[in-house]
Amino acid sequence: PQRYRYIRAEEDREAKREARRELRREDEVLFREFAMDWFYHARRPENSVREKFVLFLQDIFVVARTTIRETAVLFNLQETLRAGIDGSYPDLCKRVSREPAMVRYLNLDKNTARKPNENFARELFELFTLGEGNYTEQDIKEASRAFTGYRVRNRNEFFYQKRLHDSGDKTVFGATGDWEGDDIIDLSFQQKAARSFLIRELIDFYLSNQSVPEPYIEALGDQWADSGFQLSFLIETFFQSRLFFHPAYRGNFVKSPIH
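Thresholds, definitions, all that
- Residues numbered from 1 in each chain as written.
- Predicted model: local features only at pLDDT ≥ 70, side-chain atom pairs only at ≥ 80, totals over all residues.
- Heavy atoms only, no water.
- Pairing = 2+ DSSP bridges.
- Helix = DSSP H or I, 4+ residues; strand = E, 2+ residues; numbered from the N terminus.
- Core = buried A, V, L, I, M, F, W, Y, C linked by side-chain atoms within 4.5 Å.
- Buried < 20%, exposed > 50% of the residue type's maximum accessible area, 1.4 Å probe, protein only.
- 1 Å grid on protein atoms, 1.4 Å probe; cavity = no way out; pocket = protein on both sides within 12 Å on 5 of 7 lines; lining within 4 Å.
- Points joined across faces, edges and corners; volume = space filled by probe spheres on them.
- Contact = heavy atoms within 4.5 Å.
- Polar contact = N/O pair within 3.5 Å; in protein donor to acceptor, adjacent residues only side chain to side chain.
- Phe/Tyr/Trp six-rings, centres within 6.5 Å; stacked < 30°, edge-to-face > 60°.
- Expected span 1.5 Å × (residues − 1).
- Axes fitted to C-alpha atoms, helices over the stretch in contact; angles between N-to-C directions.
- Parallel < 35°, antiparallel > 145°, perpendicular 65-115°, else oblique.
- Left-handed = near helix turned anticlockwise from the far one by under 90°.
- Nonpolar A, V, L, I, M, F, W, Y, C, P; charged D, E, K, R; others polar.
- Salt bridge = Lys/Arg side-chain N within 4 Å of Asp/Glu carboxyl O.

Trainee: Give me the lowdown on the pairing of strand S2 (residues 157–160), citing residues and values where you can.
Mentor: Two elements, strand S1 (residues 150–153) and S2, share four bridges in a ladder whose sense is antiparallel. Residue pairing across strands places Arg-151 opposite Phe-159, the latter belonging to S2. Linking S1 back to S2 in an antiparallel pair, the connection comprises three residues, with Asn-154 at a positive phi of about 55 degrees.

Trainee: Tell me about unusual backbone geometry, and please be specific about residues and values.
Mentor: Generally, phi is negative for residues other than glycine and the peptide bonds are trans, each holding for most cases. A positive phi angle, close to 55 degrees, is found at Phe-173, a residue other than glycine. Inspection of the secondary structure puts Phe-173 in the loop between strand S3 (170–172) and strand S4 (175–177). A positive phi angle is found at Phe-229, which is not glycine, with a value near 60 degrees.

Trainee: Describe in detail the nonpolar core, supporting the description with residues and values.
Mentor: Note that soluble globular proteins tend to have their nonpolar side chains buried in a common cluster. Membership of the largest hydrophobic core comes to 63 residues, with the highest contact counts inside it found for Phe-56, Phe-61, Tyr-89, Phe-125, Phe-128 and Ile-184. If you tally residues by element for this core, the top one is helix H10 (residues 194–207), at eight residues.

Trainee: Got a sec to walk through the layout of surface pockets? Specific residues and values, please.
Mentor: A water-sized probe, rolled over the atoms, reveals where empty space remains. Considering only enclosed or pocket space, the second largest pocket measures out at about 390 Å³ in volume. Along its surface, the second largest pocket is lined by 16 residues, and Phe-34, Leu-55, Gln-58, Val-63 and Gln-78 are the ones closest to its centre. When contributions to the lining of the second largest pocket are tallied by element, the ones reaching two or more residues are helix H2 (13–42), helix H3 (45–60) and helix H4 (71–84).

Trainee: Could you give an account of the environment of Tyr-206, with specific residues and numbers?
Mentor: Positionally, Tyr-206 belongs in helix H10. C-alpha of Tyr-206 to C-alpha of Phe-253: the two residues are 47 residues apart in sequence and 8.2 Å apart in space. Contacts of Tyr-206, omitting those with residues within four sequence positions, involve Lys-52, Phe-53, Phe-56, Phe-238, Phe-239, Phe-244 and Phe-253. Only 3.5 Å separates the side chain of Tyr-206 from the backbone nitrogen of Phe-53, close enough to count as a polar contact.

Trainee: Account for the packing of aromatic side chains, naming residues and giving values.
Mentor: Each pair of aromatic rings is reported with the distance of its centres and the angle of its planes. A complete count under the given rule lists 25 aromatic pairs for this structure. When the centroid spacing of 5.7 Å and the interplanar angle of 70 degrees are considered together, the rings of Phe-39 and Tyr-40 count as edge-to-face. Note on Tyr-40: relative accessible area 46%, which makes it partly exposed. Ring geometry for Phe-125 and Tyr-135: centres 5.7 Å apart, planes at 40 degrees, overall tilted. Residue Phe-125 is located in helix H7 (residues 119–129), and its partner Tyr-135 is located in the loop between H7 and helix H8 (137–146); the two are separated by ten residues in the primary sequence.

Trainee: Describe the side chain of Thr-148, with residues and values.
Mentor: Secondary-structure assignment places Thr-148 in the loop between H8 and S1. Classification of Thr-148 by relative accessible area gives buried; the value is 0%. Separated by 2.6 Å, the side chain of Thr-148 and the backbone oxygen of Arg-145 make a polar contact. A polar contact is formed between the side chain of Thr-148 and the backbone nitrogen of Asp-166, at a distance of 2.7 Å. With residues near it in sequence (within four places) discarded, Thr-148 still touches Asn-111, Thr-112, Ala-113, Tyr-160, Leu-164, His-165 and Asp-166.

Trainee: Now, about H3: what can you tell me, with residues and values included?
Mentor: With 16 residues, H3 extends 24 Å between its outermost C-alpha atoms, agreeing within 8% with the 22 Å of an ideal straight helix rising 1.5 Å per residue. Of the residues making up H3, those classed as buried are Asn-47, Glu-51, Phe-53, Val-54, Phe-56, Leu-57 and Ile-60.

Trainee: An account of the side chain of Ser-144 is requested, with residue identities and associated values reported.
Mentor: With respect to the helices and strands, the residue Ser-144 is situated in helix H8. If sequence neighbours within four positions are ignored, Ser-144 has contacts with Asn-111, Pro-116, Asn-117, Glu-118 and Ala-121.

Trainee: Just give me the short version of the packing of H10 against helix H12 (residues 231–239), but keep the residues and values in it.
Mentor: Axis separation between H10 and H12 bottoms out at 12 Å; the angle between their running directions is 45 degrees. Taken together, the axes of H10 and H12 lie oblique to each other. Where H10 crosses over H12, the two elements pack in a sense that is right-handed. When H10 is examined against H12, the residues Leu-198, Ile-199, Leu-202, Ile-203, Tyr-206 and Leu-207 are found in contact with a partner set consisting of Leu-231, Leu-234, Phe-238 and Phe-239. Of the residues belonging to the contact of H10 with H12, the class tally is ten nonpolar, no polar and no charged.

Trainee: Please provide a residue-by-residue account of the environment of Lys-115, values included.
Mentor: Structurally, Lys-115 can be placed in the loop between helix H6 (100–105) and H7. The spatial distance from the C-alpha of Lys-115 to the C-alpha of Lys-94 is 23 Å, given a sequence separation of 21 residues.

Trainee: Explain the pattern of salt bridges residue by residue, including any values.
Mentor: Applying the stated criterion across every chain yields a total of 22 salt bridges. Between Glu-70 and Arg-155 there is a salt bridge, and its shortest N-O distance comes to 2.5 Å. A residue pair is termed long-range when its members are at least 10 positions apart, and Glu-70 in the loop between H3 and H4 and Arg-155 in the loop between S1 and S2 qualify at 85 residues. Between Arg-153 and Glu-157 there is a salt bridge, with the nearest N and O atoms lying 3.1 Å from each other. Sharing partners across several salt bridges, the network here consists of Asp-27, Glu-28, Arg-65 and Arg-69.

See below:
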């Protein structure tokens, strides 16, 4: 952040451009080091199972390096995902909504009461919690108003600007109130689709096969919801199930280089 403040204060335009180029070069080196450090950490047997789940979560909460170029905020997002494994999935969604990398990537920092930006609300419902077809366009429009006021200071520090929040009533999934961002996430997990969405993503990521019997998915989803959507419950139940070790799901996964 101090480097960026220094560059902004620089009056000489050529010097400012060169300083920005140098900062980008330094960050490219830092990102390569971060990627390789993670790779060597993840390939150690004592870390590999947990880090593969971190990789799964990064496949859900996608932030593109081409858009968010500061390695520090990408590292912080990964750390949030790693720590979130020990808690509930709704709490992790709330923490991710405050991560500067996500705030900037999905334009929450440009979301205002006068001109709501729908990017985060749409991704929240479609890619994080419910899946396509389990919400309406009106739900997205109203939910986006609840996430107004999310801002980033010095490129890597989240803060909530209360005066920018839309304090009017919003109606999302048929419920009306002066909802804030966390309320919208709570409302989304009251929808039936939230019980099975992440389970289907888990099956796709680990088994590469979506033909798992529907009663299994529904039963596991109900139990997961009863646990308060604790990720530890989902992990222990799914990876110790007879279905996970069933011969039908062996030998059909084309692994990526990182796998």
